[in-house]
Amino acid sequence: MPKPATDAETFRCLLRRPVDDPAVQALIRVAPEGLERVDWTGFIRLQRHGVAVMFKTAPWVTGEEGETLHVEAIHLYGPGYEGLPGFAGTLPAGLEFGAGEAPIRAALGDIRNEGGGSFSRMLRRTVPRWISFDLGPDILHLQFSSTGGLELVTIYVPLPGV
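Here is a short report on the structure shown in this document. (Residues numbered from 1 in each chain as written. Predicted model: local features only at pLDDT ≥ 70, side-chain atom pairs only at ≥ 80, totals over all residues. Heavy atoms only, no water.)

1. Comments concerning the sheet that holds strand 1 (residues 36–38)
Within a sheet, each strand pairs with its neighbour through backbone hydrogen bonds, oriented either parallel or antiparallel. In plain terms, the rule: For two strands to be treated as a pair, DSSP must find no fewer than two bridges joining them. Secondary structure is summarised from DSSP: a helix means a run of H or I of at least four residues, a strand means a run of E of at least two, and numbering begins at the N terminus for each. All axes are obtained by fitting lines to C-alpha atoms, using only the stretch in contact for helices, and the reported angles, taken between N-to-C directions, cover 0 to 180 degrees. Contacts were defined at the residue level, with two residues in contact if any of their heavy atoms lie within 4.5 Å.
The eight strands lie next to each other as 1-2-3-4-10-9-8-5, forming an open sheet whose pairing is antiparallel. Edge positions in the sheet fall to strand 1 and strand 5 (113–115), since each of these pairs with one other strand and no more. Along the sheet, successive strands turn relative to each other by an average axial angle of 20°, direction set aside. When strand 4 (residues 69–77) meets strand 10 (residues 150–156), the two strands line up antiparallel, connected through five bridges. Paired with Tyr 77 across the bridge in strand 10 is Leu 152. Contacting strand 5, strand 8 (130–135), strand 9 (138–144) and strand 10, helix 4 (residues 101–108) runs over the sheet at an angle of about 15° to strand 8.

2. Points about the nonpolar core
Here is the rule we go by: Here, nonpolar core means buried Ala, Val, Leu, Ile, Met, Phe, Trp, Tyr and Cys residues that are tied together by side-chain atoms lying within 4.5 Å of each other. Relative accessibility thresholds used throughout: buried, under 20% of the residue-type maximum; exposed, over 50%; partly exposed, between the two (1.4 Å probe, protein chains only).
Ranked by internal contacts, the top residues of the largest apolar core, which has 35 residues, are Phe 55, Leu 76 and Leu 142. Of all the secondary structure elements, the ones that give two or more residues to this core are helix 1 (8–12), helix 2 (22–30), strand 2 (41–46), strand 3 (51–57), strand 4, strand 8, strand 9 and strand 10. Once residues within four sequence positions are removed from consideration, Leu 142 is found in contact with Leu 95, Ile 104, Leu 108, Arg 129, Trp 130, Ile 131, Phe 133, Leu 150, Leu 152 and Val 153. Core analysis: the next-biggest nonpolar cluster, separate from the first, contains five residues, Ala 52, Tyr 77, Leu 84 and Leu 152 among them.

3. Brief notes about the pairing of strand 3
Of all seven residues in strand 3, five are buried, a share of seventy percent or more. Pairing between strand 2 and strand 3: six bridges, direction antiparallel. Paired with Ile 44 across the two strands is Val 53, which belongs to strand 3. Here strand 3 runs beside strand 4; their pairing, made up of seven bridges, is antiparallel. When the sheet's bridge partners are listed, Val 51 is paired in strand 4 with Leu 76.

4. Some points on the packing of aromatic side chains
Heads up, the condition is: Here is the rule: rings of Phe, Tyr and Trp (six-membered ring for Trp) pair when centre to centre is within 6.5 Å. Planes less than 30 degrees apart are stacked, more than 60 are edge-to-face, and the remainder are tilted.
Considering all chains together, one arrives at three aromatic pairs under this definition. Relative to Phe 87, the ring of Phe 11 lies with its centre 6.2 Å away and its plane at 70°, an arrangement referred to as edge-to-face. Taken together, the positions of Phe 11 in helix 1 and Phe 87 in the loop between strand 4 and helix 4 put the pair 76 residues apart, joining distant regions of the chain. Phe 11 gets classed as buried once you look at its relative accessible area, which sits at 2%. Their ring planes at 25° and their centres at 5.1 Å tell us that Trp 40 and Trp 60 sit as a pair that is stacked. Pair noted here: Trp 40 is in the loop between strand 1 and strand 2 and Trp 60 is in helix 3 (residues 58–61), with a separation of 20 residues, a long-range link. For Trp 60, a relative accessible area of 37% puts it in the partly exposed group.

5. Here's the deal with unusual backbone geometry
The backbone phi angle of Glu 82 is positive, close to 50°, even though this residue is not glycine. Tracing the sequence through the fold places Glu 82 in the loop between strand 4 and helix 4. Of note, Ala 93 is a non-glycine position whose phi angle comes to about 55°, a positive value. Judged by relative accessible area, which is 49%, Ala 93 ranks as partly exposed.

Now the structure itself:
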């Protein structure tokens, strides 16, 4: 069985590709449960590698009509996140799991958006702190643990026209 890529940029190159793209199909074949689809979304989990790939139908990714799934987001999990071994590859922009928010902001500059870090009565828990940055045409979303270290990196496609 082939191994998934070991760097975030290789995964990022899959963004916006349709589910029938050969590189996307190769990744689906590596996923133990294959592609799981629910309505207009889909996902594959590569838990041993600390990676999940999210799909949405064309209007949500490319702005075009159709029901074909396209790669919309790549999630890279830090070691121990949800009990997973974590992504051992190279993260974008020289990031490292466990890094604090202040040095990341200093290195990456202006943020796109931020949130979390407060208690949600609806969820009955503290929502993790997060910040996001523009990464070319994509968005780099960084989530921090309760102790302040980077624990989850997501690279995703913004909604068309937004």
